[in-house]
Amino acid sequence: MKLSLTHYLIRCEREHGLDSDLRLLLETVARACKTISHAVGKGALGNVLGNAGTTNVQGEAQKKLDLLSNEILFEANCWGGHLAGMASEEMHGPMGIPVAYPRGKYLLLFDPLDGSSNIDVNVSIGTIFSVLPSPLTGEDAGEAAFLQSGARQVCAGYTVYGPQTSLVLTVGHGVQVFTLDRDTGSFLLTQSDVKIPVDTCEFAINMSNARHWETPVKRYVDELLAGKTGPRGTDFNMRWVASMVADVHRIMTRGGIFMYPRDARDPAKPGRLRLMYEGNPMAFLIEQAGGAATDGRRRILDIEPTKLHERVAVFLGSSNEVERVTSYH
Ligand code: AHG
Ligand code: MN
Ligand code: MN
């Protein structure tokens, strides 16, 4: 018999003192992800494809599924009494808890739908989430309450809506993978204590930005591309799904390095990915699986954020490769 998510979380409560409020919050997040998975699976039959006709705070065109997933996560989590506020990649500022419901001790942050450019072409997409303690238990959380380093996360996870729906979770005791059993609607534990190999011959980067990269990244990727006869003396393979969840999930499964470096396209943005919704949760998961995550200079989890929608350069995955490219900076 495989362990259900509920069973796993109750075990964490008994063995590691996981807070029962946090357990109930995570069950709610998982339920919301199941609803999103269902909507994703309907595709053209469910009127969920295409653009919404709106733009988010990052200046990106929103897809119908970006908005729907955002709404599903908010609706599911606003009444349980576990949260003092939520923040989403798709919203301008923090989303308050409706007056009718009590405020709790946690903050939930999410990228409701990661890999938006892949929605309409039926390629894997996902949801990324992060839980922080609220500095103001029982009170509404403003933007300042969310500005905590990733090291303070008490939980991080993502789901991949792919051939299977997987939920990958850490509450600070390693990384577990749950697969959605579509017959029963339960998330069942299918991989315990994931460990990322320290070495790899596979890398992920959007090569079309090569001309905009900084020198250390150019040097590192050039060395990989040089293969067997180059300084690394071995051939490297490349993969780029353009859904961070799918690229990270591959690395969780068989190792690799994922890079979205800072580039010169827009000097105001230190990278494309968002620290609070993408960088921090993925960095926590990767470190819990024995990998490393930096922005090329610092450990991502040590960065003190200055704004909710802050961008960050990301190098994560197999530790020897992440350490090498970081040392080139
Ligand atoms: P989102 O869909 O939440 O905006 O995130 C997309 C991110 C990430 O998932 C992916 O790794 C990257 O953007 C892809 O960027 P490019 O289109 O530049 O390759
Ligand atoms: Mn994303
Ligand atoms: Mn998104």
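Before reading on, note that the structure itself is shown above.
Residues numbered from 1 in each chain as written. Chains lettered and ligands numbered in written order. Predicted model: local features only at pLDDT ≥ 70, side-chain atom pairs only at ≥ 80, totals over all residues. Heavy atoms only, no water.

## Describing the nonpolar core
Counting residues in hydrophobic clusters, the biggest one holds 44 residues, and the most contacted among them are Met86 and Phe129. The element best represented in this core is helix α2 (residues 20-42), accounting for ten residues. Beyond its immediate stretch of four places on either side in the chain, Met86 contacts Leu73, Phe74, Asn77, Cys78, Pro94, Met95, Ile97, Leu108, Phe110 and Phe146. (Core = buried A, V, L, I, M, F, W, Y, C linked by side-chain atoms within 4.5 Å. Buried < 20%, exposed > 50% of the residue type's maximum accessible area, 1.4 Å probe, protein only. Helix = DSSP H or I, 4+ residues; strand = E, 2+ residues; numbered from the N terminus. Contact = heavy atoms within 4.5 Å.)

## Observations regarding the side chain of Ser116
Along the chain, the position of Ser116 falls in the loop between β4 (106-114) and β5 (125-133). Of note is the side chain of Ser116, whose polar atom sits 2.7 Å from the side chain of Asp66. Beyond its immediate stretch of four places on either side in the chain, Ser116 contacts Lys63 and Asp66. (Polar contact = N/O pair within 3.5 Å; in protein donor to acceptor, adjacent residues only side chain to side chain.)

## Some thoughts on the side chain of Ser319
Note that Ser319 resides in helix α8 (residues 319-328). Its relative accessible area of 10% is what places Ser319 among the buried residues. Look past the residues within four positions of Ser319 in its chain and what remains in contact with it is Val198, Gly290, Gly291 and Ala292.

## Observations concerning the site of ligand 1
Near ligand 1, the surroundings consist of 18 residues, among which Asp114, Ser116, Asn206, Met244 and Tyr260 are the closest. Contact between ligand 1 and Asp114: an oxygen atom at 2.7 Å from a side-chain N or O atom of the residue. In the model, an oxygen atom of ligand 1 is placed 2.8 Å from a nitrogen or oxygen of the Asn206 side chain. When isolated, ligand 1 has an accessible area of 470 Å², and the protein chains bury 88% of it. Within the residue set of the shell around ligand 1, elements represented by two or more residues are β4, β12 (257-260) and β13 (273-274). Per-element tally for the shell around ligand 1: the top contributor is β4, with three residues. For the shell around ligand 1, a count of residues per class yields seven nonpolar, four polar and seven charged. (Near = heavy atom within 4 Å. Areas by Shrake-Rupley, 256 points an atom, 1.4 Å probe, with all protein chains shown as cover. Nonpolar A, V, L, I, M, F, W, Y, C, P; charged D, E, K, R; others polar.)

## A look at the coordination of the manganese ion (ligand 3)
Protein coordination at the manganese ion (ligand 3): the donors are Glu89 (OE), Asp111 (OD) and Leu113 (O), at 2.2 to 2.3 Å from the metal. In primary-sequence terms, the residues that donate to the manganese ion (ligand 3) follow E-x21-D-x1-L. (Donors = N, O, S within 2.8 Å, 3.2 Å for Na, K, Ca; no water.)

## Some points on the coordination of the manganese ion (ligand 2)
Binding of the manganese ion (ligand 2) to the protein goes through Asp111 (OD), Asp114 (OD) and Glu278 (OE), at separations of 1.8 to 2.1 Å. Counting gaps between the donor residues of the manganese ion (ligand 2) yields the pattern D-x2-D-x163-E. For the pair the manganese ion (ligand 2) and the manganese ion (ligand 3), the metal-to-metal distance amounts to 3.7 Å, and Asp111 bridges them. A residue pair is termed long-range when its members are at least 10 positions apart, and Asp111 in strand β4 and Glu278 in helix α7 (residues 275-288) qualify at 167 residues. By the burial criterion, Asp111 is buried, and Glu278 matches it.

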